[in-house]
Amino acid sequence: SQTIHQWPATLVQPVGSPLSLECTVEGTSNPNLYWYRQAAGRGLQLLFYSVGIGQISSEVPQNLSASRPQDRQFILSSKKLLLSDSGFYLCAWSVTDNQPQHFGDGTRLSIL
Amino acid sequence: SQQGEEDPQALSIQEGENATMNCSYKTSINNLQWYRQNSGRGLVHLILIRSNEREKHSGRLRVTLDTSKKSSSLLITASRAADTASYFCATGGDRGSTLGRLYFGRGTQLTVWP
């Protein structure tokens, strides 16, 4: 069966520090991969999605970047975190476009 | 915007009662999906209804879709305290128009009291 792993669960970082969040999927090949951010009490904002290795689409301009170095690995990064980067970050995968997405348990990121 | 919008924003009921949540959207869709999110966790896919379907059932869940009104409803029958969560609708656009992404609403927070 397919599983998705996202870590860490909680992260506290100072302003200006770098960030690296990792997400890996097991049990499937060539999945679509997604990074979302969720503000408290709000819906999901799509940050990045990828349909293949090295193929990244960005939905909104921001202080973050994403990479997909391997088929089932998706990394969210920042060189210098801002206070506004605080939030709940979720990784997800799907078989293809418009299909059900399967989410990791998220990373709660707090910037101090 | 293609983003779905759920209504109500919050719903509080007693165990055993039915819970109905609604979702409206603005553009043509390929399908509409409902997700559940427990506090502090990731979303879990509940059910997908295609644009040519009008109703779908899964256990205690019943979803309807009215494409002429661009709306959907999620009914949870005989609710339980364990159903307490946020519920989101997400719309999948017509192929070629949205690059395959899903558009999530802001969710309905359902609280079921024992």
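All figures in this text were calculated on a predicted structure; none of them were measured in a lab.

Engineer: Before we move on, could you go through the sheet that holds strand β1 (residues 5–7) of chain B and cite the residues and values that matter?
Structural biologist: Residue and element names in this part refer to chain B. The sheet built from five strands is open, its strands ordered β1-β3-β8-β7-β6 with antiparallel pairing. Two strands in the sheet have a free side with no partner beyond their single neighbour: β1 and β6 (55–58). When the angles between neighbouring strand axes are averaged without regard to direction, this sheet yields 20°. Two strands pair when backbone bridges link them, and strand β7 (residues 61–66) and strand β8 (residues 71–76) are joined in this way by six bridges, in the antiparallel orientation. The residue bridging Leu-65 from the neighbouring strand is Ser-72, located in β8.

Engineer: Let's hear about the interface of chain B and chain A: which residues, and what values?
Structural biologist: At the junction of the two partners, chain B supplies 22 residues and chain A supplies 21 residues. Both sides of the chain B and chain A interface together cover about 1,800 Å² of buried area, and 45% of this is carbon and sulfur. For the chain B face of the interface with chain A, the top three residues by lost area are Leu-43, Arg-101 and Arg-106 of chain B, together amounting to 27%. Taken together, the links from chain B to chain A amount to one salt bridge. In this structure, Arg-41 of chain B engages Asp-105 of chain A in a salt bridge whose closest nitrogen and oxygen atoms are separated by 3.2 Å. Looking at the side of chain B that touches chain A, the elements with two or more residues in it are β4 (29–37), β5 (43–50), β9 (85–93) and β10 (102–104) of chain B. With five residues, β4 of chain B is the largest single contributor of residues to the side of chain B that touches chain A. Broken down by class, the residue content of the side of chain B that touches chain A amounts to seven nonpolar, eleven polar and four charged.

Engineer: Help me get a handle on unusual backbone geometry, residues and values and all.
Structural biologist: A cis amide bond links Trp-7 of chain A with the next residue in sequence, Pro-8 of chain A, at an omega value of 0°. Note on placement: Pro-8 of chain A falls in the loop between β1 (3–7) and β2 (10–13). Here the amide bond leading from Asp-7 of chain B into Pro-8 of chain B is cis, since omega sits at 0°, within 30 degrees of zero. By the secondary structure assignment, Pro-8 of chain B is in the loop between β1 and β2 (10–14). Look at Ala-78 of chain B: it is not a glycine, yet its phi comes out positive at around 45°.

Engineer: With reference to specific residues and values, describe the state of the cysteines.
Structural biologist: Applying the stated criterion across every chain, the model contains two disulfides over all chains. The disulfide partner of Cys-23 of chain A is Cys-91 of chain A, and the gap between their sulfur atoms is 2.0 Å. Measuring handedness by torsion sign, the sulfur bridge of Cys-23 of chain A and Cys-91 of chain A sits at about -80° and is left-handed. Of the two residues, Cys-23 of chain A sits in strand β3 (residues 19–26) while Cys-91 of chain A sits in strand β9 (residues 87–94), which places them 68 residues apart along the sequence. Look at Cys-23 of chain A and you get buried, because its relative accessible area is 1%. Cys-23 of chain B shares a disulfide with Cys-89 of chain B; S-S distance 2.0 Å. In this structure the cystine formed by Cys-23 of chain B and Cys-89 of chain B twists about its S-S bond by roughly 65°; its chirality is therefore right-handed.

Basis of the calculations
- Residues numbered from 1 in each chain as written.
- Chains lettered and ligands numbered in written order.
- Predicted model: local features only at pLDDT ≥ 70, side-chain atom pairs only at ≥ 80, totals over all residues.
- Heavy atoms only, no water.
- Pairing = 2+ DSSP bridges.
- Helix = DSSP H or I, 4+ residues; strand = E, 2+ residues; numbered from the N terminus.
- Axes fitted to C-alpha atoms, helices over the stretch in contact; angles between N-to-C directions.
- Contact = heavy atoms within 4.5 Å.
- Buried area = accessible area lost by both parts, 1.4 Å probe.
- Salt bridge = Lys/Arg side-chain N within 4 Å of Asp/Glu carboxyl O.
- Nonpolar A, V, L, I, M, F, W, Y, C, P; charged D, E, K, R; others polar.
- Disulfide = S-S within 2.5 Å.
- Buried < 20%, exposed > 50% of the residue type's maximum accessible area, 1.4 Å probe, protein only.

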